[in-house]
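Overview (structure and organization)
These are the residues of each chain, in order.
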Amino acid sequence: MTLELNRRRALLAGAAVAAAAGPAAAAGVLSPKGDTTIGRLWAEAETLRGKLDVYAAEIAAAERQGGIPGWMRLSGEANALGEARYQTLVRMLKATPAGADDVRLVARAAQEGDIVNGPRSWAAMQTATALEGLVRSV
């Protein structure tokens, strides 16, 4: 019973920290922290975001096509940088937090468009493309 109670307390505490991360991130309170694994990964993700800025117009145009993050529709360096950033965010989500700051950063990573929209939308797009190809072949 005590184990279950401790688990529930930990879940509630984590949920409270994650809920607080949204407003803090919007206010710019979350800054790269390089002293933990998650902090270093966040700094890397932000560095990659900065490198993607060169392709901002192309990414925005590709996103207007709908469904998936724009970098997924591009090729070359833009796609490579976007993929590297996405993989960095995934590594963050899989890492073990060292403290409350890490939990806030993980919550922020979980809210990134690449994570929220990327895989599900990409899979739906691939399915639609496959169906379209099948229909054309009939």
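Check the entry above for the structure.
In this report, the structure presented in the accompanying data block is examined. This structure is a prediction, so every number in the text was calculated from the model and none was measured.

**Some remarks on the packing of helix H2 (residues 37–52) against helix H4 (residues 76–94)**
- One can describe the packing of H2 onto H4 by two numbers: an axis separation of 9 Å at closest approach and a directional angle of 160°. In terms of orientation, H2 lies roughly antiparallel with respect to H4. Relative to H4, H2 is oriented so that their crossing is left-handed. Residues Ile 38, Leu 41, Trp 42, Glu 44, Ala 45, Glu 46, Leu 48, Arg 49, Lys 51 and Leu 52 of H2 touch H4, and the partners they reach there are Ala 78, Leu 81, Gly 82, Ala 84, Arg 85, Thr 88, Leu 89, Arg 91 and Met 92.
- Here the residues of the contact of H2 with H4 sort into 11 nonpolar, two polar and six charged.

**Comments concerning helix H5 (residues 100–111)**
- A rise of 1.5 Å per residue sets the reference length of H5, with its 12 residues, at 16 Å; its end C-alpha atoms lie 17 Å apart and thus fit the reference within 8%.
- Listed in full, the buried residues belonging to H5 are Asp 102, Leu 105, Val 106, Ala 107 and Ala 109.

**Focus: the environment of Gly 67**
- Checked against the element boundaries, Gly 67 lands in the loop between helix H3 (56–63) and H4.
- Owing to a relative accessible area of 56%, Gly 67 belongs among the exposed residues under this scheme.
- Along the sequence, Gly 67 and Met 125 sit 58 residues apart, while their C-alpha atoms lie 7.4 Å from each other.
- Residue contacts for Gly 67: discarding those within four places in its chain leaves Asn 117 and Ser 121.

**Topic: the environment of Asn 79**
- Along the chain, Asn 79 falls in helix H4.
- The sequence separation of Asn 79 and Ile 59 amounts to 20 residues, and the corresponding C-alpha distance is 9.5 Å.
- In this view, Asn 79 contacts Trp 71, Met 72 and Leu 74; residues no more than four positions away in its chain are not counted.
- For Asn 79, the side chain forms a polar contact with the main-chain oxygen of Leu 74, separated by 3.1 Å.

**Some remarks on the packing of H4 against H5**
- Two elements in contact, H4 and H5, have axes separated by 9 Å at closest approach and are oriented at 135°. Taken together, the axes of H4 and H5 are oblique relative to one another. Our pair here, H4 against H5, has a crossing hand that is left-handed. Packed against H4, whose contacting residues are Leu 89, Met 92 and Leu 93, the element H5 presents Leu 105, Val 106, Ala 109 and Ala 110 at the interface.
- Partitioning the contact of H4 with H5 into residue classes produces seven nonpolar, no polar and no charged.

**Concerning the pattern of salt bridges**
- If you walk through the whole model with that rule in mind, you get nine salt bridges.
- The partner of Arg 49 in a salt bridge is Glu 46, with the nearest N and O atoms 3.2 Å apart. Residue Arg 49 and its partner Glu 46 are both found in helix H2; the two are separated by three residues, about one turn of the helix.
- When its relative accessible area of 27% is taken as the criterion, Glu 46 is described as partly exposed.

What counts, and at which threshold
Residues numbered from 1 in each chain as written. Predicted model: local features only at pLDDT ≥ 70, side-chain atom pairs only at ≥ 80, totals over all residues. Heavy atoms only, no water. Axes fitted to C-alpha atoms, helices over the stretch in contact; angles between N-to-C directions. Helix = DSSP H or I, 4+ residues; strand = E, 2+ residues; numbered from the N terminus. Parallel < 35°, antiparallel > 145°, perpendicular 65-115°, else oblique. Left-handed = near helix turned anticlockwise from the far one by under 90°. Contact = heavy atoms within 4.5 Å. Nonpolar A, V, L, I, M, F, W, Y, C, P; charged D, E, K, R; others polar. Expected span 1.5 Å × (residues − 1). Buried < 20%, exposed > 50% of the residue type's maximum accessible area, 1.4 Å probe, protein only. Polar contact = N/O pair within 3.5 Å; in protein donor to acceptor, adjacent residues only side chain to side chain. Salt bridge = Lys/Arg side-chain N within 4 Å of Asp/Glu carboxyl O.

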